[in-house]
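Structural overview
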Amino acid sequence: MSDKISKEVLTEWLEIVRPFAHDGHVADYIPALAKKHPEDLAVAIHYHDGTTVSEGRDEDCFTLQSISKVIALALALMDNGEDYVFERVGMEPSGDPFHSIYRLEQHNPSKPLNPMINAGALAVTNMIHGVTPDEKVGRLLSFIHEMTDDHSIRHSEEVASSEFETAFLNRALLYYMKQHQVVDGSVEETLDAYTKQCAIEVNVKQLARIGALFANEGRDLDSNRQIISKHFARICKTFMVTCGMYDASGAFAIKVGIPAKSGVSGAVVGSLNKFGGIAVYGPALDEKGNSVVGLKLLEMMSNRYDLSIF
Ligand code: DON
């Protein structure tokens, strides 16, 4: 394991990156997210040996948004097996914005390119076992409770309904995929489950622990229980490398080199074998939908502590 990063260093670095919070914009396409303050920053590391360090607004909750896609993928793999999942969703990066519909028409028979873009993530949510949207989300929450050992984690109804009411593009993706038999059942119900999944709220300490679990090959660091199989944890981390930061994944791999997943709430989770999980939060986003401060902080950490996997 590389050297541990101290609380003092994290305090100093949060101040260094704070001015960058004004280089981006808080997501406003989901009305409930637009209320967030760009300078509300936080960072946490859950080390491989179980120790933790955090700084900034580390008790404040934010929604997982697209970070939920990795967790939902792990559950869908456990529910259905690898063959079933990858018959319906591909494994290739898209190089397009996360909400793009364009590639769905190019693949015949239609198939979303990967589970990290919205089309693929919606198809993954559709595959999670559960008769009703609430049953699917309940199972996903139980899975997150197991991963974090925290049963208080819930979704924000305000953020979920705010997104549900305005998610016209995600409805379009679902209708297109229903027409082509990629998804089944009710579009509205799948969208309901997806928006609730995206609205699950955590703080950076809980998120870093999730990152650490993936880093530890799916095994909980406290109890040593295998919560996700090593193989499925590896699949999830590989998608983090190839598609976790959307159409910025290539530059991120070069500059930072940490398997990571971002969400439009401004959170990023990193997962480094034999190091642990890193979570950063800063709600201002760049034009690709990634946290400006999150990218800056991860780049500083990676360079200073030689964390790149490459
Ligand atoms: O599908 C959406 O629009 C969101 N709920 C999640 C998107 C997201 O977080 C993209 N991330 N950078």
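Residues numbered from 1 in each chain as written. Predicted model: local features only at pLDDT ≥ 70, side-chain atom pairs only at ≥ 80, totals over all residues. Heavy atoms only, no water.

With respect to the site of the ligand
Selection rule: Only heavy atoms are used to decide nearness, and a residue is near a molecule or strand if one of them lies within 4 Å of it. Residues adjacent in sequence count toward polar contacts only when both atoms are side-chain atoms; beyond that, a polar contact is any pair of N or O atoms within 3.5 Å, and within protein one must be able to donate a hydrogen and the other to accept it. Working definition of accessibility: Shrake-Rupley area with a 1.4 Å probe, residue cover restricted to the visible protein chains. Nonpolar residues are Ala, Val, Leu, Ile, Met, Phe, Trp, Tyr, Cys and Pro. Charged residues are Asp, Glu, Lys and Arg, and all others, Gly as well, are polar. The split into domains, and so the bounds of each, comes from an automatic or database assignment of domains.
Near the ligand, the surroundings consist of 14 residues, among which Tyr29, Gln65, Ser66, Glu163 and Tyr194 are the closest. Here Gln65 contributes a side-chain N or O atom positioned 2.7 Å from a nitrogen atom of the ligand. The fraction of the free accessible surface of the ligand (340 Å²) that becomes covered by protein chains is 99%. Per-class residue counts for the shell around the ligand are six nonpolar, seven polar and one charged. Shared between two domains, the shell around the ligand takes at least three residues from each, and those domains are domain 1 (7-65 + 202-304) and domain 2 (66-198).

Side note on empty space enclosed by the protein
Worth spelling out the cut-off: Cavity and pocket criteria rest on a 1 Å grid covering protein atoms alone: a 1.4 Å probe that fits but cannot get out defines a cavity, protein on both sides within 12 Å along at least 5 of 7 lines defines an open pocket, and an atom within 4 Å of a point defines a lining residue. Grid points are joined across faces, edges and corners, and a volume is the space filled by probe spheres set on the points. Under the scheme used here, helices are H or I runs from DSSP no shorter than 4 residues and strands are E runs no shorter than 2 residues, and both carry numbers assigned from the N terminus.
Scanning the entire structure with this criterion turns up four cavities of 30 Å³ or more. Taken as a whole, the largest cavity spans an internal volume of roughly 60 Å³. Tallied by class, residues from the lining of the largest cavity come to eight nonpolar, two polar and two charged. Each pocket or cavity is described by its volume, and for the second largest cavity that value is around 50 Å³. Met240, Val241, Met245, Ser249, Phe252, Ala253, Gly257, Ile258, Pro259, Ile309 and Phe310 are the residues that line the second largest cavity. Counting only elements with at least two residues in the lining of the second largest cavity, the list comes to helix H10 (230-243) and helix H11 (249-255). Per-element tally for the lining of the second largest cavity: the top contributor is H11, with three residues. A breakdown of the residues in the lining of the second largest cavity according to their chemical character gives nine nonpolar, two polar and no charged.

Function-wise, these values are silent; they only describe arrangement.
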